[in-house]
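As a plain string of letters, each chain reads:
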Protein chains: 2
Amino acid sequence: MPHSYLKPLLDNNGTKIILLVLDGLGGIAITPDGKSALEYANTPNLDRLAEQGTLGQTIPIRYGITPGSGPAHLALFGYEPLEYIVGRGALSAAGINLPVKPGDIAARGNLCTFDKDQNITDRRAGRISHQDAAPIIKLLNQVQIPGAEVEVRQVKEYRFVIAMRGKDLHPALNDTDPQETGVPPLKLTALVPDAKKAADLMNQWIKMAYQELADQPVANGFLLRGFATDPGFPSYEEAYELEAVCIAEYPMYKGVSRLVGMDVIEDVGQGASGEFTTAEKHWNEADFFFIHIKKTDSYGEDGNLEGKAKIIEEVDQALPILLDLNPDVLIVTGDHSTPSVLKSHSWHPVPFLLWAPKTHRTDLETSFTERNCARGGLGTFPAIETMSLALAHAGRLKKFGA
Amino acid sequence: MPHSYLKPLLDNNGTKIILLVLDGLGGIAITPDGKSALEYANTPNLDRLAEQGTLGQTIPIRYGITPGSGPAHLALFGYEPLEYIVGRGALSAAGINLPVKPGDIAARGNLCTFDKDQNITDRRAGRISHQDAAPIIKLLNQVQIPGAEVEVRQVKEYRFVIAMRGKDLHPALNDTDPQETGVPPLKLTALVPDAKKAADLMNQWIKMAYQELADQPVANGFLLRGFATDPGFPSYEEAYELEAVCIAEYPMYKGVSRLVGMDVIEDVGQGASGEFTTAEKHWNEADFFFIHIKKTDSYGEDGNLEGKAKIIEEVDQALPILLDLNPDVLIVTGDHSTPSVLKSHSWHPVPFLLWAPKTHRTDLETSFTERNCARGGLGTFPAIETMSLALAHAGRLKKFGA
């Protein structure tokens, strides 16, 4: 359970919270006269909120630890990321809303190309198009074995997710993807005795499915990885008494939101203004709005500082759409840093802006940048405290003790 | 194990880290216009690194806790100081490289003076000189009993370390030093049933050894304290995949470094420039260099602010020797504070400077002082996070989770 001491203090008072996450928001200036993307961007709205509200910086997982997107979001949601571990298969299934319950297993899959000896010649089946891959993945979905129900659903292009539903299926199975070509897929085996049943059923299915694809010209095989099951996380409703919605464009973030019981809105407008308008449309349906902006991270990973700054500016320009909704609490932060200069996620603290016009304590900072956030009124704190701060500033936490 | 979540993330990429510890570095300015030694010192090189890199301050053990040197260094090395306890006997033995294994015990000893009734008249045998004490301690080393092997080695002047090696010797024994004169030594007893064998053997040895010294004019007795055994700490190699060396002038710091498996360099140049030149000489032999400067602490304990500032200036002037080695990460910090005005160790946060020209995030601070460190980009953090930050900035930690 996210901080269990919150539960008895909860006061479901109808206030509204927006958690706006710019993926990979944090950057670094390597030299004193250098600039991060956030420093480079022109952000009059965010700077005004910074001046009015209070800043801080978060440690996503632990000092020095570079997070993947899954654990970084779980931390923001208040789920201790070293404790709440979710396998990739379960996350991917959640991302496309493919039901996986305890006792079921799920994995990610790629269509691939085999030579006549079933050695892999292309791990992505020549990057077959979404349209060309669709009927082949439909074929896979029709392969059924006794003792379990199998569902296979396309994600994008050659990528799919498979769910096997049965009784007592244990996900401790190895990947069949050897991560190289010129060799056959790895044999699927149980990594613990309890997984023997799952291994047997999955091996039966794989054998039949390979036969089904044997005549395909390019995508005549597939590789599976990341077997996992429903992690059974407590929901936002349970932990926080919040009706929460997720507004995100990418499956990964929809997935992690579904795992904590958020309602995932499927019809989401594009870009910052599109997503904010979606929030406006659903404003009366929930207490808590998680809004996820992906492209700050993508540009960071490309090493494109200007591109990342431009996305930040788009968010800034669209911000009045959210402010006009009069949220009680607006938090603007990232899930981790993705400095353009490193072209990857990093361990650096993440800028954090909290604006709650009835309850925030103004600090001395007047600009939303990494360097100002380091001096902000909230200090440097673990990302899993985000929800406690959000609830508190929304007046949703009663006094502890008399 | 130091943070066990680091282990699966380690990437031994050949980068180099220097941890430069100025013992007792932190000080306090009691009044707004007063100065700590670090503020008083002229430190152009450290200030330049502060401007380029990032600052912070550490809590050595816990808020308000004044650390001894042992736990303070263990914290810097990433070993939770409330968990990794090392007895003084074991630390002293490690300091002079006297082997103590699990099942052995070690203690610190003082030569002392007894009157004819074996009451203590001088706990330090009139501060007998190193030269005069040497043959007496050699006599002690020759006293042997059946069932164990005893080794006694001089440390300095009247101080020695005794190791008793045998089978299943348990160190739960009281001190024989009553910490006062006019009384006899305390009787050595087992503090737990398992220590009975060690108590019996040690009492036999003490009796024989007292007889051996009976005719000495001044140093006709001795007192023992701090019984301990090998704490069996995991090594730097195990915890961090780092080949680490220790460059220190004092046995205490060599000891704590040996306990975490560092190679201790014995032939160390004097003062900051001497130690840095030693690092230069051994630069190709290791990944991690712990360099320890003692005299900042000594002057702090003497209440000599100018003396402490002068040592800091010596470090600053010699710093180019280290910078010319192009370390990937250079950390300059203390193990604890020793404010001259308090003439003792203290609980105050410790200034911390991190310079990693390829990966650091510049902050707004331009001067290496306590007051600037309190506003630095790393915030206020536990000293046991030092190694995580060092490894991260050296690119030695892979991403956590997908």
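Residues numbered from 1 in each chain as written. Chains lettered and ligands numbered in written order. Predicted model: local features only at pLDDT ≥ 70, side-chain atom pairs only at ≥ 80, totals over all residues. Heavy atoms only, no water.

For the rest of this paragraph, the subject is the overall build of chain A. Looking only at helices and strands, one finds 13 helices and 13 strands in chain A. A compact globule built from 402 residues should have a C-alpha radius of gyration of about 21 Å, and chain A, at 23 Å, falls within 12% of that. For chain A, with 402 residues in total, the buried portion stands at 60%. Within chain A, contacts between residues separated by at least 24 positions form 74% of all contacts whose residues are at least 6 apart in sequence. Counting every atom, chain A has about 15900 Å² of accessible surface; 49% of that belongs to carbon and sulfur. Here chain A carries 38 positive and 51 negative side-chain charges, and the mean point of each set is 2 Å from the other. (Helix = DSSP H or I, 4+ residues; strand = E, 2+ residues; numbered from the N terminus. Rg over C-alpha atoms; globule rule 2.2 N^0.38 Å. Buried < 20%, exposed > 50% of the residue type's maximum accessible area, 1.4 Å probe, protein only. Contact = heavy atoms within 4.5 Å. Areas by Shrake-Rupley, 256 points an atom, 1.4 Å probe, with all protein chains shown as cover. Lys, Arg positive; Asp, Glu negative; His and termini not counted. Charge placed at Lys NZ, Arg CZ, Asp CG, Glu CD.)

Okay, the packing of aromatic side chains next. Aromatic rings considered in pairs are described by the distance between their centres and by the relative angle of their planes. Following the criterion strictly, the structure yields 27 aromatic pairs over all chains and no others. Taken together, a centroid distance of 5.5 Å and an interplanar angle of 55 degrees make the contact between Trp 205 of chain B and Phe 222 of chain B tilted. Of this pair, Trp 205 of chain B sits in helix α6 (residues 196–213) while Phe 222 of chain B is found in strand β7 (residues 221–228), placing the two residues 17 residues apart along the sequence. Ring pairing ties together the aromatic residues Phe 77, Tyr 236, Tyr 240, Phe 288 and Phe 290 of chain A, which thus form one cluster. Against the face of Trp 283 of chain A rests Lys 16 of chain A, its NZ or CZ located 5.2 Å from the ring centre. (Phe/Tyr/Trp six-rings, centres within 6.5 Å; stacked < 30°, edge-to-face > 60°. Lys NZ or Arg CZ within 6 Å of the ring centre and 35° of its normal.)

Turning next to helix α8 (residues 251–259) of chain A. In an α-helix, one full turn covers 3.6 residues, which means residues spaced three or four apart are oriented alike. Residue and element names in this part refer to chain A. Of all the nine residues making up α8, eight are buried; the element is thus mostly covered by neighbouring parts of the structure. For α8, the full list of buried residues reads Met 252, Tyr 253, Lys 254, Gly 255, Val 256, Ser 257, Arg 258 and Leu 259. Those residues of α8 that are buried lie in contact with α3 (69–76), α4 (88–95), β8 (244–247), β9 (263–264) and β10 (288–293). Gly 261 occupies a position one or two residues after α8 and carries a positive phi of about 80 degrees.

What follows deals with the nonpolar core. One finds Phe 77, Tyr 236, Met 262 and Phe 288 of chain B to be the most contacted residues of the largest nonpolar core, which totals 57 residues. Here this core gets five residues from one element, more than from any other, and that element is helix α13 (residues 386–393) of chain B. Not counting the four nearest positions on each side in its chain, Tyr 236 of chain B is found in contact with Phe 77, Tyr 79, Glu 241, Leu 242, Ala 244, Val 260, Met 262, Phe 288 and Met 387 of chain B. Membership of the second largest hydrophobic core comes to 45 residues, among which are Leu 76, Ala 239, Ala 244 and Leu 391 of chain A. (Core = buried A, V, L, I, M, F, W, Y, C linked by side-chain atoms within 4.5 Å.)

The operation relating the pair of chain copies consists of a rotation about an axis and a translation along that axis. Overlay of chain A on chain B (RMSD 0.3 Å): rotation 126 degrees, translation along the axis 0.1 Å. The two molecules are tied by a three-fold rotation axis, judged by turn and shift. Across chain A, the rotation axis passes nearest the C-alpha of Arg 375 of chain A, at a separation of 3.2 Å. Of the residues that chain A buries at the interface, just 6% are likewise interface residues in chain B, meaning the two copies contact each other through different surfaces. (Least-squares fit on C-alpha atoms with pLDDT ≥ 70 in both.)

For the rest of this paragraph, the subject is the pairing of strand β1 (residues 17–22) of chain A. Residue and element names in this part refer to chain A. Within β1, six of the six residues are buried, leaving the element largely enclosed by the surrounding structure. Of the two faces of β1, the one holding Ile 17, Leu 19 and Val 21 and the one holding Ile 18, Leu 20 and Leu 22 are both buried throughout. Pairing between β1 and β10: six bridges, direction parallel. Counterpart to Ile 17 in the pairing with β10 is Phe 288. Where β1 lies against strand β11 (residues 329–333), five bridges are found, and the strand directions are parallel. By the bridge assignment for β11, Leu 19 is matched with Ile 331. (Pairing = 2+ DSSP bridges.)

Across a sheet, paired strands are connected by hydrogen bonds in the backbone, their directions being either parallel or antiparallel. Strand order in this open sheet of eight strands is β9-β8-β10-β1-β11-β12-β2-β13 (chain A), and the pairing throughout is mixed. The open sheet terminates on both sides in strands that have one partner only, identified here as β9 and β13 (380–382) of chain A.

So, about the interface of chain A and chain B. Listed per partner, the contact involves 35 residues of chain A and 33 residues of chain B. Each partner contributes to the roughly 2600 Å² buried at the junction of chain A and chain B, and carbon and sulfur atoms together form 61% of this total. The residue Glu 365 of chain B makes a salt bridge to Arg 375 of chain A at a minimum N-O spacing of 2.7 Å. Between the two partners, chain A and chain B, sit 12 residue pairs in polar contact (both at pLDDT 80 or more). Only α3 and α12 (370–373) of chain A provide two or more residues apiece to the side of chain A that touches chain B. In terms of residue count, the dominant contributor to the side of chain A that touches chain B is α3 of chain A (three residues). (Buried area = accessible area lost by both parts, 1.4 Å probe. Salt bridge = Lys/Arg side-chain N within 4 Å of Asp/Glu carboxyl O. Polar contact = N/O pair within 3.5 Å; in protein donor to acceptor, adjacent residues only side chain to side chain.)

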